[in-house]
Amino acid sequence: MPVTPPSTPDRSAYLLAARGEPVPHTPVWFMRQAGRALPEYRAVREGITMLESCMRPDLVVEITLQPVRRYGVDAAIYYSDIVLPLKAAGFGVEIKPGVGPVVADPIRDAAGVATVRPVTPSDVSFTTESVQQLVTELGGTPLIGFAGAPFTVASYLVEGGPSKDFAKTKAMMHGKPDLWHALADRLADVAIAYLAVQVEAGASAIQLFDSWAGGLSPRDYERFVLPHSAKVFEALKEYGVPRVHFGVNTGELLGLMSAAGADVVGVDWRVPLDEAVRRVGSKPLQGNLDPALLFTGWETIEPEIDRILAEGKAAPGHIFNLGHGVPPNADPEVLHRVAQYVQTKSAHVPA
Ligand code: CP3
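Note that the structure is a prediction, hence the values are computed from the model and not measured. (Residues numbered from 1 in each chain as written. Predicted model: local features only at pLDDT ≥ 70, side-chain atom pairs only at ≥ 80, totals over all residues. Heavy atoms only, no water.)

A closer look at the pattern of salt bridges
Heads up, the condition is: When a carboxyl oxygen of Asp or Glu lies within 4 Å of a side-chain nitrogen of Lys or Arg, that pair is called a salt bridge. In DSSP terms, a helix is any run of H or I states spanning at least four residues, a strand is any run of E spanning at least two, and both are numbered starting from the N terminus. Only protein chains enter the accessibility calculation, which uses a 1.4 Å probe; a residue is then buried when its area is under 20% of its type maximum, exposed when over 50%, and partly exposed in between.
One pass over the structure, following the stated rule, counts 17 salt bridges. In this structure, the salt-bridge partner of R70 is E40, at a minimum N-O distance of 2.8 Å. On the criterion of sequence distance, the pair formed by R70 in helix α4 (residues 57–71) and E40 in helix α2 (residues 39–45) is long-range, its members being 30 residues apart. With relative accessibility at 24%, the residue E40 sits in the partly exposed group. Sharing partners across several salt bridges, the network here consists of D10, R11, R19 and E21.

Given below as structure tokens:
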């Protein structure tokens, strides 16, 4: 049963759930719903680098809309990347296919920190243009704007690329705390500037991705990361759009990530939503199907969705999602079925 969105995003299932209001059905979208799992994405990206594609409004609009068309999800997410605002402000970063962001000159000192500066609206005029066009084309389907949180972005800048242990980043935090705080403060300003451009152009909600925060102890998170993410949420408050906070492996950090100022907290698959609400406090939650299950059969997936929908009732609002991004080799047919099943099944379960 295809879901007919309302004429404006304000009464959409996604925004109602994000505000903790009664919903017609549990909204569903997928982190990284745009991307290599879709053949139409691979076709459009042919011969164009990831970051180049992010700066071309024609491609951004097409790629953002592809999963909305294909899956019938309840929200679109602006096609970009967490390092894009750095690139747009002249910082030396690329995205290596199959690897992730790589930095030519990793940041290790004050001179390095000084090379990081927030975007101005004119650096990202393509963002304004893309978001405005998307909002028009999407009608009643909300567009989620996003940015990388200071810690996750800093981890790429300090390590020089993806990392498993964040050893250099942690060495900076503990060994040169003033340098760390200066870097994280600049990255908070980068996120604020980029999110403000997206919201001013019409994005209905924002999500701050602190994907790798789960690598930190609660004590280090609270001391080195929380104040900077809190600055981002505080600065966005005036816009009145829901602010979502997400990270992977953050079971021990959920309370702190909520306290940083999120209106909605994203949960990976490791903590059931009824337990997550105890850790977060009474706030809407987003999550949390294990993406690995997409590779099992429907007979495994369906009861997991039922379980998640039931556990999600413990929260004042539930936005269904995966516990992390869509894997590049996921089957679009399975994702389509998941979206349809969530929408149909939740519409029949009394609130
Ligand atoms: O559909 C969406 O969710 C919107 C687009 C989106 C992308 N990156 C596009 C992208 C979003 C929200 C991001 C955020 C992002 N980027 C995060 C946080 C979310 C998360 O997954 O935890 C992180 C950690 C990054 C950094 C990054 N960029 C990685 C690790 C990679 C993957 C590298 C690879 O090739 O495996 C990227 C590249 C990237 N960002 C792709 C897409 C569609 C793939 C690039 C390609 O297709 O060539």
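From this point, the narrative continues.
Section: the nonpolar core
Where we set the bar: The term nonpolar core refers to a set of buried residues drawn from Ala, Val, Leu, Ile, Met, Phe, Trp, Tyr and Cys, joined through side-chain atoms within 4.5 Å. Whether two residues are in contact is decided by their heavy atoms: any pair within 4.5 Å suffices.
Counting 129 residues, the largest nonpolar core has F30, Y221 and V338 as its most contacted members. It is helix α10 (residues 177–200) that provides the largest number of residues to this core, a total of 14 residues. Ignoring anything within four residues of it in the chain, the contact list for Y221 reads D210, A213, L216, L226, H245, L253, L256, M257 and A260.

Details of the sheet that holds strand β7 (residues 264–266)
Here is the rule: Should DSSP find at least two bridges between two strands, the strands are taken to pair.
Taken together, the 7 strands give an open sheet; going across it, the order is β1-β4-β5-β6-β7-β8-β9, and neighbouring strands pair in parallel fashion. Each edge of the open sheet carries a strand with a single partner, namely β1 (76–77) and β9 (318–322). Pairing geometry for β1 and strand β4 (residues 143–148), over 2 bridges, is parallel. Of the residues in β4, the one forming a bridge with I77 is I144.

Observations regarding the UniProt feature "binding site: substrate" (unreviewed entry) in the chain
To keep it simple, the criterion reads: UniProt positions are given in the numbering used here, feature names are shortened, and annotations may be inferred rather than shown by experiment.
Listed under "binding site: substrate" (unreviewed entry) in the UniProt record, and renumbered for this structure, are R32, Q33, A34, G35, R36, D81, Y156, S211 and H324. Inspection of the secondary structure assignment puts D81 in the loop between β1 and α5 (84–88). Excluding residues that lie within four positions of it along the chain, D81 makes contacts with M50, L51, C54, I95, P101 and F146. Among the secondary structure elements, S211 is positioned in the loop between β5 (205–209) and α11 (218–236). Once you skip the residues sitting within four places of it in the chain, S211 turns out to touch T152, F246, G247, V248 and H324.

A few points about the side chain of N288
Counted only if it meets this: Here a polar contact means two N or O atoms within 3.5 Å. Within protein one must be a hydrogen donor candidate and the other an acceptor candidate, and residues neighboring in sequence count only if both atoms are side-chain atoms.
By the element assignment, N288 lies in strand β8 (residues 285–289). A polar side-chain atom of N288 sits 3.1 Å from the main-chain carbonyl oxygen of D268. Contacts of N288, omitting those with residues within four sequence positions, involve V267, D268, W269, V271, P272, L273, I308, N321, L322 and G323.

Side note on the site of the ligand
Selection rule: Nearness of a residue to a molecule or strand requires only that one of the residue's heavy atoms be within 4 Å of it. Using the Shrake-Rupley algorithm and a 1.4 Å probe, accessible areas are obtained, with residue cover drawn only from the displayed protein chains. Under the scheme applied, nonpolar residues are Ala, Val, Leu, Ile, Met, Phe, Trp, Tyr, Cys and Pro; charged residues are Asp, Glu, Lys and Arg; polar residues are all the others, including Gly.
Residues in contact with the ligand amount to 27 residues; listed here are only the nearest, R32, D81, G98, S211 and H324. Residue Q33 places a main-chain N or O atom 3.1 Å away from an oxygen atom belonging to the ligand. The fraction of the free accessible surface of the ligand (880 Å²) that becomes covered by protein chains is 93%. In the shell around the ligand, the residues fall into 16 nonpolar, 7 polar and 4 charged.

Details of the packing of aromatic side chains
Formally: Planes of paired rings set the category: under 30 degrees apart is stacked, over 60 is edge-to-face and the rest tilted, where pairs are Phe, Tyr or Trp rings (Trp by its six-membered ring) whose centres lie within 6.5 Å.
For the structure shown, the criterion picks out 8 aromatic pairs. Pairing W298 with Y341 gives two aromatic rings, centres 5.6 Å apart and planes at 80°, and the pair type is edge-to-face. Remark: Y341 occurs in helix α15 (residues 332–348) and W298 occurs in helix α14 (residues 298–312); sequence separation between them is 43 residues. Judged by relative accessible area, W298 falls into the buried class, the value being 15%. Take Y341: its relative accessible area is 15%, and that puts it in the buried class. An aromatic cluster is built from F146, F209 and F246, whose rings are joined through pairwise contacts.

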